[in-house]
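# Observations on the three-dimensional arrangement
Spelled out from the first residue to the last, the chains are:
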Amino acid sequence: MIINGESYDFQGVSLLTILEELSLNPQVVVAEVNGEIVPRRAFERFVVDKSAVVELVAFVGGG
Amino acid sequence: MITKEVYKRHLIERHGEQVQAKLENASVGIAGLGGLGSNIALALARLGIRRLILVDFDCVELSNVNRQAYFLKHIGMPKTIALNTLIKEVNPFVEVVLHHKRVTRENALSLFEDLDVLVEAFDEPASKAALIETMLIRSKIPLVAASGMAGSLSSNTIVTTKMRERFYLCGDKRTDSQDVNGLMVPRVLVAASHQANMVLRLLLGEKTV
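Computed from a predicted structure; not experimentally measured.

Parameters at a glance
Residues numbered from 1 in each chain as written. Chains lettered and ligands numbered in written order. Predicted model: local features only at pLDDT ≥ 70, side-chain atom pairs only at ≥ 80, totals over all residues. Helix = DSSP H or I, 4+ residues; strand = E, 2+ residues; numbered from the N terminus. Expected span 1.5 Å × (residues − 1). Buried ≥ 20, exposed ≤ 12 C-beta atoms within 10 Å, placed from the backbone. Pairing = 2+ DSSP bridges. Contact = placed C-beta atoms within 7 Å. Axes fitted to C-alpha atoms, helices over the stretch in contact; angles between N-to-C directions. Parallel < 35°, antiparallel > 145°, perpendicular 65-115°, else oblique. Left-handed = near helix turned anticlockwise from the far one by under 90°. Nonpolar A, V, L, I, M, F, W, Y, C, P; charged D, E, K, R; others polar.

### Re helix 6 (residues 125-138) of chain B
Residues and elements named next belong to chain B. With 14 residues, helix 6 should cover 20 Å at 1.5 Å per step; its first-to-last C-alpha distance of 20 Å lies within 8% of that length. Across the 14 residues that make up helix 6, a large majority, 11, are buried. Three or more residues of helix 6 are buried, namely P125, S127, K128, A129, A130, L131, I132, E133, T134, M135 and L136.

In structure tokens form, the structure reads like this:
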């Protein structure tokens, strides 16, 4: 699996688990898997294929 | 008395007829009227944009004046109304639509329809993510968002990145306002200017950063 351009070994896990492993707060993340935006409410049930290409944008505060 | 015709002619002299022909037909939405949104709105008013849709639920506080466009006399006023008075002092011919309310996943699409570009200018990271996710899934409007402009790191760490089709992100992407000495005007203005310039580029038909 490629996440933000880097290789990871995640297999058969949900997007939520991946975010937890990467210490990312799901509330502040916009996630794209294989080019499609995954809504936050689907993070828990969305199982990411091991060959998926994932892009995660974790917003930080300030504006 | 500066008439609309005189104002328009002066903008054409400064910016050129081709640029102004595009800007005078452009509508831009701004979600959040804090340090980013208030300054971006004034920049777009100076450019001579046709229409601004401005949304914020908050009122001006003393703690905003360190970086936001507001004056002390605006304290206590809704940010929408205070910003509208500033915009009108700069360019009285912009059509301004004000919504003094919180943007949610439910109302975002109806607040920001028929726009050329939407600017995400919230403070809270969860609000930023919710708006971007909702609009990427449910609309086709180009989005210009911001993440990472707190503190006093180098200005040169703030960049504009095209994250995907229709989604541009301005900032250093990492410096959280909770982790450093809060938000200070220089870097907030750098990020706001990145956003305003990306909006300008999109309105002129330029899709690269």
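### Remarks on unusual backbone geometry
With a phi close to 55°, S23 of chain A is a non-glycine residue in the positive phi region. As for its position among the elements, S23 of chain A is in the loop between helix 1 (15-21) and strand 4 (29-33). Look at K173 of chain B: it is not a glycine, yet its phi comes out positive at around 70°. Position of K173 of chain B among the secondary structure elements: in the loop between strand 7 (167-171) and helix 7 (185-203). For K173 of chain B, a count of 19 C-beta atoms within 10 Å puts it in the partly exposed group.

### Overview of the pairing of strand 7 (residues 53-58) of chain A
Residues and elements named next belong to chain A. Across two bridges, strand 1 (residues 2-3) lies against strand 7 in parallel orientation. The residue of strand 7 that forms the bridge with I2 is V53. Inspection of the sheet shows strand 4 paired to strand 7 by five bridges, in the antiparallel sense. Of the residues in strand 7, the one forming a bridge with A31 is L56.

### Focus: the pairing of strand 4 of chain A
Residues and elements named next belong to chain A. In this structure, strand 4 lies alongside strand 5 (residues 36-38), joined through three bridges in antiparallel fashion. The partner of A31 across the bridge, within strand 5, is V38. Count of turn residues in the strand 4/strand 5 antiparallel hairpin: two residues, of which N34 carries a positive phi of about 50°.

### Comments concerning the interface of chain B and chain A
Facing 30 residues of chain B, the contacting portion of chain A comprises 14 residues. Put simply, the parts of the chain that give the side of chain B that touches chain A at least two residues each are helix 3 (35-47), helix 6 and strand 6 (159-164) of chain B.

### Things to note about the environment of F46 of chain A
Residue and element names in this part refer to chain A. Assignment of secondary structure puts F46 in the loop between strand 5 and strand 6 (47-48). Classification of F46 as partly exposed rests on a count of 16 C-beta atoms within 10 Å. For the pair formed by F46 and A58, sequence separation is 12 residues and the distance between their alpha carbons is 18 Å. In contact with F46, not counting residues within four places along its chain, are S14, L15 and V38.

### Thoughts on the packing of helix 3 of chain B against helix 4 (residues 79-90) of chain B
All names here are of chain B. Direction vectors running N to C along helix 3 and helix 4 enclose 25°, while the axes themselves pass 9 Å from each other. Comparing the axis directions of helix 3 and helix 4 gives the class roughly parallel. The interaxial crossing formed by helix 3 with helix 4 has right-handed handedness. Facing S38, A41, L42, A45 and R46 of helix 3, the residues of helix 4 in contact are L83, L86, I87 and V90. When grouped by side-chain class, the residues that make up the contact of helix 3 with helix 4 number seven nonpolar, one polar and one charged.

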